[in-house]
2 protein chains.
Amino acid sequence: MASKPDQPVAEASSPSASGATPPVSQEDLPVSKNADKRAAAKAEKQNKKADKLASRQKAEVPTQSDPSDPLHEKYGDPPRIQSRAVTGRKWTNIISLTPALADQAVLVRGNINAVRGKGNNAFIVLRQGTATAQAILFKDDKTVSKPMVKYASALSRESVVEVEAIVRKVDTKVEACTQSEVELKVIGIHCISRAGPLPFAPADAARSQAELDASEGPDGEGFVGVAQDTRLDNRTLDLRTPANQAIFRVQSAVSQLFRELLLSEGFQEIHTPKLQGGSSEGGAAVFTLQYFGQPGCLAQSPQLFKQMAIMGGMDRVFEVGPVFRAENSMTHRHMTEFTGLDFEMTIHEHYFEVLDVIERLFTYMFDGLHKRWASDLEAIGKQYPFEPFRWLPSGSPHVLRLDFEEAIKILQDNGFPEAQPLEDLSTELERELGKIIKKQHNTDFYIIQRFPMGVRPFYTMPDPEDPKWSNSFDVFMRGEEIISGAQRVHDPELLAEQATKLGVPVESIQSYVDSFKYGAHPHGGAGVGLERVVMLFCGLNNIRKTSLFPRDPKRLAP
Amino acid sequence: MASKPDQPVAEASSPSASGATPPVSQEDLPVSKNADKRAAAKAEKQNKKADKLASRQKAEVPTQSDPSDPLHEKYGDPPRIQSRAVTGRKWTNIISLTPALADQAVLVRGNINAVRGKGNNAFIVLRQGTATAQAILFKDDKTVSKPMVKYASALSRESVVEVEAIVRKVDTKVEACTQSEVELKVIGIHCISRAGPLPFAPADAARSQAELDASEGPDGEGFVGVAQDTRLDNRTLDLRTPANQAIFRVQSAVSQLFRELLLSEGFQEIHTPKLQGGSSEGGAAVFTLQYFGQPGCLAQSPQLFKQMAIMGGMDRVFEVGPVFRAENSMTHRHMTEFTGLDFEMTIHEHYFEVLDVIERLFTYMFDGLHKRWASDLEAIGKQYPFEPFRWLPSGSPHVLRLDFEEAIKILQDNGFPEAQPLEDLSTELERELGKIIKKQHNTDFYIIQRFPMGVRPFYTMPDPEDPKWSNSFDVFMRGEEIISGAQRVHDPELLAEQATKLGVPVESIQSYVDSFKYGAHPHGGAGVGLERVVMLFCGLNNIRKTSLFPRDPKRLAP
């Protein structure tokens, strides 16, 4: 039987009725400043209340056990964990708490997601990663004393506790917890790190928009969302929500899958310098710095250096590393620092060899996420529901590839006469094209190739027949560009000529141009933004959700 | 039968007799400036000679076939490779050229490592990565014409050629090539990228010190080494030597093995921001920059952020990324930018849990390099001979672990009374200790734990019994420190106290300190320099050899 608290423990923080403004989503797109402000004001009100409560409680909070209690060794704050001894004790992860462990004694460490004391009983939701379990204390004077219940009931949310307990199978599912088929009958509880007043509780920050909406009453009462800025200002708390835990496991998975496939196809990993002289690609949006008395800058991409690695005799290389863009733009998809997944490879005759790798790479990544990280995708969807990502299998017939000219024609034929054959696509047109392609081909993943030369960088190889076109491509997920790539110019004279034509002084990239003078293999490659892949695969609405500590023109901390 | 040129083709560039100074190693330690200068002067003399030769030849070099030659389609420079068509042709890698392919026709692309024309014959060494093969042209007027031999003979070193050939098994090994059991009977040859005059030839830069010494004649004639600065100034050429090809495959392998083991133990990969406000750990050696009107700096390590990821509810994290140090020091083991391999994990009770991971991690890495990258280690050893790295197997009895106090005693007992119990070890004493331990335990890999608190950073957890000691450790390879690590302070009050005591203003790290206020899990971790691991495993004498494009206070390009 599941021991039932009067209210579900996971909702132990009562809905707020303190403001007249409706609950506000933290992630409207574009971010609504007013909404943010309203939510922030509301949240602050709540926080002040919580602070007051916490400091009032502080005086009363029992942190040590009552020495006269025969059970006094079973609760209380222990000395700081400081590498005193190796005891050989074993800890059980919360995710492993299943009926298979029924009636066994376990030692579990976790954060207090929620706590509710009620007379002689206490109910706790313990959290570890995306997993939660219910722990219960019932005064029986044999294993649980009254002061022990009091100690447990007064624990603040997010405190780290160590719980000794017997696993019990329950008849009625504990709906509020991921480990719904068991509960922990506590026989010992020690707080090893106490949480002070919280700017917000992860349990509150974990609610979906639907939950927030549903809680809203006629007078504006209900749960309140946590504004994005509040989240990012307190990112370590924000990261504790199950959705965020899952997002960063998926982020880790994307680089893992990226490397798995490329290593299996003979690529090697390289690390190119982020500190560079001059400006890396002649661009303007570059962070400059003083480097021992000479001007330096941060790499805007590993582009020139990964090509130089190919000139250094490497056949196929990839890099996973930070990319810096000093662009003063505040959009849902730009950051000043992001993680680039780059690769570059020799080609024998055609840049389609690069596209073949991209196709295998991304279908491998999508398949892998779908199969091996399904539970994380589910955890994300619980807070941020999204339509599953659709892709065509690799091989034959392969991933959809369109010429740029065809893409323009599709747009024009579908009511977008403003699409111009030799101009780049605007973000809006890209998105519209994505919708049309989704409708026609049922895929969120496709490639557009043979872009106009006029919209590509100087190092792009022109089309052999018609220099108005280029041997380049973009790759899209849900109508947003994630990859730019191309065959590169490996002829130093053509390279210098194109650089000059596009206003990049050859002197500023001399060692790069020179590297093609000593026998240059034809080559091509591409670059992907890790955070963008995660955002678009999971249908998230803001890139800041997929960056651990995001950086934009207004945010440099934490 | 192997077709024999009059001289081994691999030595086609004749030894120089142009200077009276002896051949000079490019990597004396410490770098001798005079030796470097002498070598540079000598090399320049040679280069000028080569340049003259190349430009004189340029006028005479045949780049197109003779239209009257019935074989004219079988040689000559083709149009630039520019993605004209997907032909379905297959290319064979040079490393795959073995007797198994005897009598088969192959298509091979490679750089010209060496070439020698002699009347009606031409001998070429083709190179791809670490592999080389001999290709021959004998005029027979059926498959090879006289102008075809002339075309091949005039190809400049490092040019990229595409060779159509029949694989022939040879009776006498082609000693100068890695693919010594076969040669290529050329029936078609097209140069797809011509190399201009070279600052030096990779074939020359690939010689070991022993080879250089052996070539030295009584009048100072002989092969000349290539100075380190010349190499680094022309890094793309330098990277083409077999040893360098292998070094960067080993570098790639080290991160691959690092990730394999950690992913298998439940770690997830994170990416922490390199752009930070203030100075990352309160240190002085930091690169500063302007960040949209506010002061920023580059991360000196992911230390504080990987700890914050743990505070964000992640159990075990790792990061592979650049680390920036604005230290003005020119030594064999420091760079201003290197690749950090960092990890951080919650611990249950003791920082020995971190050491257990390190032990499994490094023995896994060493075993993996030894077994899976043996041929690369061999290629490195050919140019830079080194004593194989020795390590004890993990498990029980485990990797050697010494208390700092014991290490000091060992030094004192072995004739180093200057070793002081509460001071850090100097680089020299570390190296001496390494020698003693190697002699006593036959291992190049060991751990020293329980360092004096006074020599560790503010976030280090003190020993629970005696605050003069700390819960910290260093890990060594061949007597050089590669890892620093510790249990960290997870108590915000103690953290603020220790920061203040060590002169780090708490305000400058406020969000870091705050992150421990919301329930903090005890944790520890470590950081490793990727380039240092490669350098020390392979017994190389300079860290610049293991960085693709090294950065030091004097070098910001290429």
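Just so you know, these numbers come straight off a predicted model, no measurement behind them. (Residues numbered from 1 in each chain as written. Chains lettered and ligands numbered in written order. Predicted model: local features only at pLDDT ≥ 70, side-chain atom pairs only at ≥ 80, totals over all residues. Heavy atoms only, no water.)

### Some thoughts on the overall build of chain A
What counts is decided by this rule: Strands are runs of DSSP state E lasting at least 2 residues, helices are runs of H or I lasting at least 4, and numbering of each runs from the N terminus. Note on areas: Shrake-Rupley, 1.4 Å probe, and residue coverage restricted to the protein chains presented here.
Along its length, chain A carries 15 helices and 16 strands. For chain A, the accessible area works out to roughly 21,700 Å², and carbon and sulfur atoms hold 51% of it.

### Quick notes on the relation of the copies chain B and chain A
Rules: Our superposition of the copies is a least-squares fit, built on the C-alpha atoms of residues whose pLDDT is at least 70 in both. In what follows, residue pairs with any heavy atoms lying within 4.5 Å of each other are defined as contacts.
You can overlay chain B on chain A at an RMSD of 0.0 Å; the transform is a turn of 180 degrees with a shift of 0.0 Å along its axis. Taken together, the rotation and translation describe the operation of a two-fold axis. Within chain B, L289(B) has its C-alpha nearest the rotation axis, a separation of 2.6 Å. Most of the interface of chain B is mirrored in chain A: 100% of its interface residues are interface residues there too.

### Examining the packing of helix α7 (residues 242–264) of chain A against helix α7 (residues 242–264) of chain B
Test applied: What counts as an axis is a line fitted to C-alpha atoms, over the stretch in contact for a helix, and the angles between N-to-C directions run from 0 to 180 degrees. Each angle gets one of four labels, with under 35 degrees taken as roughly parallel, over 145 as roughly antiparallel, 65 to 115 as roughly perpendicular, and the rest as oblique. Each crossing is labelled by how the near helix is turned from the far one, with a counterclockwise turn of less than a right angle marking it left-handed and a clockwise turn marking it right-handed.
Where α7(A) meets α7(B), the axes come as close as 12 Å, and the angle between the chain directions of the two elements is 130 degrees. Classified by the angle their axes make, α7(A) and α7(B) are oblique. α7(B) is crossed by α7(A), and the crossing has left-handed handedness. Mapping the contact onto sequence places S252(A), Q256(A), R259(A) and L263(A) in α7(A) and S252(B), Q256(B), R259(B) and L263(B) in α7(B).

### Brief notes about the pairing of strand β14 (residues 472–477) of chain B
Residues and elements named next belong to chain B. As a reminder of what qualifies: Residue burial is assigned from relative accessible area. The probe radius is 1.4 Å, only protein chains are included, and a residue is buried under 20% of its type maximum, exposed over 50%, and partly exposed in between. Only strands joined by at least two bridges in the DSSP assignment are considered to pair.
β14 sits mainly inside the fold: six of its six residues count as buried. Every second residue of β14 is oriented toward a common face, with S472, D474 and F476 on one face and F473, V475 and M477 on the other, all of them buried. By the bridge criterion, six bridges tie β14 to strand β15 (residues 480–487) in an arrangement that is antiparallel. Its bridge partner lying in β15, F473 is registered against G485. Between β14 and β15, which pair antiparallel one after the other, the connecting turn spans two residues, and R478 there sits at a positive phi close to 45 degrees.

### Some points on the interface of chain B and chain A
The condition is simple: As used here, buried area is the combined drop in accessible area, with a 1.4 Å probe, of two parts when they are placed together. Any carboxyl oxygen of Asp or Glu that lies within 4 Å of a side-chain nitrogen of Lys or Arg is treated as forming a salt bridge with it. Side-chain atoms alone can form a polar contact between residues adjacent in sequence; in general such a contact is a pair of N or O atoms within 3.5 Å, and within protein one must be able to donate a hydrogen while the other accepts it. Polarity classes work like this: nonpolar for Ala, Val, Leu, Ile, Met, Phe, Trp, Tyr, Cys and Pro, charged for Asp, Glu, Lys and Arg, and polar for all others, with Gly in that last group.
Taken together, the 108 residues of chain B in the interface contact 108 residues of chain A. Summed over both sides, the interface between chain B and chain A buries roughly 8,800 Å², with carbon and sulfur atoms accounting for 57% of that surface. Our count for the chain B to chain A interface comes out at six salt bridges. In this structure, the salt-bridge partner of E269(B) is R259(A), at a minimum N-O distance of 2.9 Å. Where chain B meets chain A, there are 56 residue pairs in polar contact (both at pLDDT 80 or more). It is α7(B) that provides the largest number of residues to the side of chain B that touches chain A, a total of nine residues. Here the residues of the side of chain B that touches chain A are counted per class, giving 48 nonpolar, 40 polar and 20 charged.

### What about the sheet that holds strand β10 (residues 316–324) of chain A?
Residues and elements named next belong to chain A. Strand order in the open sheet formed by eight strands is β6-β10-β11-β16-β15-β14-β13-β12, and the pairing between neighbours is mixed. Edge positions in the sheet fall to β6 (268–269) and β12 (401–403), since each has one partner strand and no second. Strand contacts of helix α8 (residues 303–311): β10, β11 (337–346) and β16 (523–529), with the helix running at about 25 degrees to β11, the strand carrying the most contacts.

### Topic: the side chain of S252(B)
Mapped onto the elements, S252(B) comes out in helix α7. Classification of S252(B) by relative accessible area gives buried; the value is 4%. When near neighbours in sequence (up to four residues on either side) are disregarded, S252(B) contacts L263(A), Q268(A) and E269(A).

### What to know about unusual backbone geometry
The omega angle of the peptide bond from A557(A) to P558(A) is 0 degrees, so this bond is cis rather than trans. Among the structural elements, P558(A) can be located in the segment after α15 (530–537). One non-glycine residue with positive phi stands out, namely R478(A), at about 45 degrees. By the secondary structure assignment, R478(A) is in the loop between β14 (472–477) and β15 (480–487). The class for R478(A) is partly exposed, based on a relative accessible area of 22%. Not every positive phi belongs to a glycine, and D141(B) is a case in point at roughly 65 degrees.

### Some details on the nonpolar core
Here is the rule we go by: Nine residue types can take part in a nonpolar core, namely buried Ala, Val, Leu, Ile, Met, Phe, Trp, Tyr and Cys, and a core is a set of them joined through side-chain atoms within 4.5 Å.
Counting 84 residues, the largest nonpolar core has Y512(A), F343(B), I358(B), F362(B) and F473(B) as its most contacted members. When sequence neighbours within four positions are dropped, the list of residues in contact with Y512(A) reads L304(A), Q307(A), M308(A), F458(A), Y459(A) and L495(A). In this structure, V323(A), F366(A), I543(A) and L304(B) belong to the second largest nonpolar core, which totals 83 residues.

### Regarding the side chain of T130(B)
All names here are of chain B. Following the sequence through the fold, T130 ends up in the loop between β2 (121–128) and β3 (131–138). A residue is classified by how much of its surface remains accessible, and T130, at 16% relative accessible area, is buried. Engagement of the side chain of T130 in a polar contact is seen with the side chain of R249, the distance being 3.2 Å. Excluding anything up to four places from it in sequence, T130 contacts T178, P242, Q245, A246 and R249.

### A look at the environment of A176(B)
Mapped onto the fold, A176(B) is located in the loop between β4 (160–169) and β5 (182–193). As for A176(B) and Y291(B), which are separated by 115 residues in sequence, their C-alpha atoms are 55 Å apart.

### Some words on the packing of aromatic side chains
Cut-off, in case you're wondering: Stacked, tilted and edge-to-face are the three classes applied to pairs of Phe, Tyr and Trp rings, where Trp contributes its six-membered ring and a pair requires centres within 6.5 Å; stacked means planes under 30 degrees apart, edge-to-face means over 60, and tilted covers the rest.
Taken as a whole and judged by the stated rule, the model has 48 aromatic pairs over all chains. With a centroid separation of 5.5 Å and 10 degrees between ring planes, the pair formed by Y291(A) and F287(B) is classed as stacked. With Y291(A) in strand β8 (residues 288–291) and F287(B) in the loop between β7 (275–277) and β8 (288–291), the pair connects residues from two separate chains. On the basis of relative accessibility, which here comes to 3%, the residue F287(B) falls in the buried class. Their ring planes at 90 degrees and their centres at 5.7 Å tell us that F267(B) and F343(B) sit as a pair that is edge-to-face.

### What about the pattern of salt bridges?
Per the counting criterion, the structure on display carries 80 salt bridges over all chains. K274(A) is the partner of E319(A) in a salt bridge, and the nearest nitrogen-oxygen pair spans 2.9 Å. Of the two residues, E319(A) sits in strand β10 while K274(A) sits in the loop between β6 and β7 (275–277), which places them 45 residues apart along the sequence. Each member of the pair, E319(A) together with K274(A), is buried. The shortest N-O distance in the salt bridge between E344(B) and R488(B) comes to 2.7 Å. Here the residue E344(B) occupies a position in strand β11 (residues 337–346), and R488(B) occupies one in the loop between β15 and α13 (492–501), the gap between them amounting to 144 residues. Residue class for E344(B) comes out buried when judged on its relative accessible area of 0%. The network of salt bridges with shared partners includes R89(A), R109(A), E162(A) and E349(B).

### Structural notes on the sheet that holds strand β13 (residues 445–449) of chain B
Residue and element names in this part refer to chain B. With respect to topology, eight strands assemble into an open sheet ordered β6-β10-β11-β16-β15-β14-β13-β12, the strand pairing being mixed. In this open sheet, the two edge strands, each paired with only one partner strand, are β6 (268–269) and β12 (401–403). Sheet strands in contact with helix α11 (residues 404–413) are β12 and β13, and its direction is about 85 degrees off that of β12.

### Considering the confidence of the model for chain A
A low pLDDT score tells you not to read the predicted coordinates there in detail. Residue and element names in this part refer to chain A. The condition is simple: pLDDT is defined as a per-residue confidence score from the predictor, taking values between 0 and 100.
In this model, chain A carries an average pLDDT of 90, and 88% of its residues clear a pLDDT of 70 or more. Note on residues 5–32: pLDDT under 50 across the span, and 71 contacts to partners over four residues away in sequence or across chains. Interface confidence in the predicted complex, given as ipTM, is 0.91; pTM for the same model is 0.91.

### Points about the environment of E349(B)
Among the structural elements, E349(B) can be located in the loop between β11 and α9 (352–372). Separated by 266 residues in sequence, E349(B) and S83(B) have C-alpha atoms that sit 60 Å apart. The residues contacting E349(B), other than those within four sequence positions of it, are I81(A), Q82(A), S83(A), R84(A), A85(A), V86(A), T87(A), G88(A), R89(A) and W91(A). Separated by 2.7 Å, the side chain of E349(B) and the backbone nitrogen of T87(A) make a polar contact.

### Describing the pairing of β8(A)
Residue and element names in this part refer to chain A. Where burial is concerned, the two faces of β8 differ: the one with L289 and Y291 is buried and the one with T288 and Q290 is not. As defined by bridge partners, β8 adjoins strand β9 (residues 294–298) across four bridges and the pair is classed as antiparallel. By the bridge assignment for β9, Y291 is matched with Q294. If you look at the hairpin formed by β8 and β9, you'll find two residues sitting between the two strands, and F292 has a positive phi there, around 45 degrees.

### Some remarks on α15(A)
All names here are of chain A. The buried count for α15 comes to eight of eight residues, which makes it a mostly enclosed element. Within the sequence span of α15, burial applies to L530, E531, R532, V533, V534, M535, L536 and F537. Where α15 terminates, the next one or two residues include G539, which has phi positive at roughly 60 degrees.

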